[in-house]
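# Working through the structure, step by step
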Amino acid sequence: MIETAAAGLITQGTVPLEMTQTEIFQYIQADSLLSASLWVNIALAGLSILLFVYMGRNIEDPRAQLIFVATLMVPLVSISSYTGLVSGITVGFLEMPAGHALAGAGTGPDGGVFTPWGRYLTWALSTPMILIALGLLAGTNMTKLFTAVTADIGMCITGLAAALTTSSYLLRWVWYAISCAFFVVVLYILLAEWARDAELAGTAEIFNTLKILTVVLWLGYPIVWGLGAEGLALVQSPAITSWAYSGMDVIAKYLFAFLLLRWVVENEHTVAKMASGLGAASGSGAAPADD
């Protein structure tokens, strides 16, 4: 009786189609454009790791070393994530709820929509590293750094919830709105709080460059989600969406990391002059003296 009811639910399209990891892997490899968007990132992440290790080989100041480690974690997380995506471990096909443009009409089996949910895990691990590196560069205090990182993780996890919700089309957008609210907190800290801290720390020039790079590119991710198959489905090709995410990752992660590490290597003395600990800027707006 139970088996018959379950079969009926699948026939009615209310349960996502189960696919083996091998079948998902074959689906990805059969789409050369989709596959290339993942393999290219694996290759660039690997090259970035080697380059960054070489660049940071002579860094001695503890604060500069911490910036280096946080930055190096970005391509390390990315190469792991993209390997998971290309192998099919962190990818699934979900049937969209009623009201979604691709409900029962996705590119996958039985109309399932290609959902690379592993990207959200990547962002939940890599973007905090980017913020830690930026916060250290700006000389911010622990409170601001903690707020930025926790809001960022909240943004990524609620984004994952938006992608995985199949019970209600409305609830997908509710999760999306919550994720964007967390994002607003991150943007405020980057654009307002840390910009002031960087002025006090003497790192405003490089911080402002990296701030603009980060803000502009990070704004692209919710836009791609909203336009792609998981959102309004104005762009339905998984390959095009994947290339959009991958292209932003290359610039927002690897180029960002290169610019930051190059500056740290060339200006280690400036970083060393900041107060010890995770932040140099005090709550009153004055930087405390060195220990």
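## Notes on empty space enclosed by the protein
A probe matching the size of a water molecule, rolled over the atoms, marks out where space remains unfilled. Under the counting rule described, the total for this entry stands at 3 cavities of 30 Å³ or more. The volume enclosed by the largest cavity comes to roughly 330 Å³. If you trace the largest cavity, you find 20 residues lining it, with Trp-123, Met-155, Ser-179, Tyr-221 and Pro-222 closest to the centre. Contributions of two or more residues to the lining of the largest cavity are made by helix 5 (118–138), helix 6 (142–164), helix 7 (169–201), helix 8 (204–227) and helix 9 (238–266). When grouped by side-chain class, the residues that make up the lining of the largest cavity number 15 nonpolar, 3 polar and 2 charged. When its volume is computed, the second largest cavity comes out at roughly 120 Å³. In this structure, the second largest cavity is lined by 14 residues; those nearest its centre are Phe-114, Pro-116, Glu-230, Pro-238 and Thr-241.

## Quick notes on the nonpolar core
In this structure, Leu-131, Leu-134, Leu-190, Trp-194, Phe-207, Trp-218 and Leu-260 are the most contacted members of the largest nonpolar core, which totals 58 residues. Within the residue set of this core, elements represented by two or more residues are helix 3 (32–55), helix 4 (62–86), helix 5, helix 6, helix 7, helix 8 and helix 9. For Phe-207, the residues in contact, after removing those within four places along its chain, are Leu-134, Leu-137, Ala-138, Leu-190, Trp-194, Ala-195 and Ala-198. By size, the runner-up hydrophobic cluster in this structure holds 14 residues, among which are Tyr-27, Ile-28, Val-86 and Phe-93.

## Considerations on the environment of His-100
Tracing the sequence through the fold places His-100 in the loop between strand 1 (92–94) and strand 2 (113–115). Judged by relative accessible area, which is 5%, His-100 ranks as buried. Not counting the four nearest positions on each side in its chain, His-100 is found in contact with Tyr-169, Arg-172, Ala-229, Glu-230, Gly-231 and Ala-233.

## Some words on the pattern of salt bridges
Counted under the stated rule, the structure contains 5 salt bridges. Put simply, Glu-193 and Arg-196 hold a salt bridge, and the shortest N to O gap is 3.0 Å. Residue Glu-193 and its partner Arg-196 are located together in helix 7, separated by 3 residues, close to a single helical turn. The salt bridge partner of Lys-253 is Asp-249, with a shortest N-O separation of 3.8 Å. Of this pair, Lys-253 and Asp-249 both sit in helix 9, 4 residues apart, which is roughly one turn of the helix. Accessibility expressed as a relative area gives 2% for Lys-253, which makes it buried. Three or more residues are tied together by salt bridges with common partners; here these are Lys-144, Glu-193, Arg-196 and Asp-197.

## Quick notes on the packing of aromatic side chains
By the definition in use, this model includes 11 aromatic pairs. With a centroid separation of 5.0 Å and an interplanar angle of 25 degrees, the aromatic rings of Tyr-176 and Trp-225 are classed as stacked. Separated by 49 residues along the polypeptide, Tyr-176 in helix 7 and Trp-225 in helix 8 bring together distant segments of the chain. By the ring-pair criterion, three or more aromatic residues cluster together here, those being Tyr-120, Trp-123, Tyr-221 and Tyr-245. For Arg-57, the ring lying beneath its charged end belongs to Tyr-54, and the centroid distance is 3.9 Å.

## Brief notes about a nonpolar patch on the surface
On the surface, Leu-33, Val-40, Leu-44, Leu-47, Leu-50, Ile-240 and Trp-243 cluster together into a nonpolar patch covering about 630 Å² of accessible area. Sorting the residues of the nonpolar patch by element identifies helix 3 and helix 9 as the ones contributing at least two each. Broken down by element, the nonpolar patch gets its largest block of residues, 5 residues, from helix 3. Residue position: Ile-240 is located in helix 9.

Criteria and thresholds
Residues numbered from 1 in each chain as written. Predicted model: local features only at pLDDT ≥ 70, side-chain atom pairs only at ≥ 80, totals over all residues. Heavy atoms only, no water. 1 Å grid on protein atoms, 1.4 Å probe; cavity = no way out; pocket = protein on both sides within 12 Å on 5 of 7 lines; lining within 4 Å. Points joined across faces, edges and corners; volume = space filled by probe spheres on them. Helix = DSSP H or I, 4+ residues; strand = E, 2+ residues; numbered from the N terminus. Nonpolar A, V, L, I, M, F, W, Y, C, P; charged D, E, K, R; others polar. Core = buried A, V, L, I, M, F, W, Y, C linked by side-chain atoms within 4.5 Å. Buried < 20%, exposed > 50% of the residue type's maximum accessible area, 1.4 Å probe, protein only. Contact = heavy atoms within 4.5 Å. Salt bridge = Lys/Arg side-chain N within 4 Å of Asp/Glu carboxyl O. Phe/Tyr/Trp six-rings, centres within 6.5 Å; stacked < 30°, edge-to-face > 60°. Lys NZ or Arg CZ within 6 Å of the ring centre and 35° of its normal. Patch = residues over 30% accessible without salt bridge, like charges linked within 9 Å, V, L, I, M, F, W, Y side chains within 5 Å. Areas by Shrake-Rupley, 256 points an atom, 1.4 Å probe, with all protein chains shown as cover.

Purely spatial values, then, with no claim about function.
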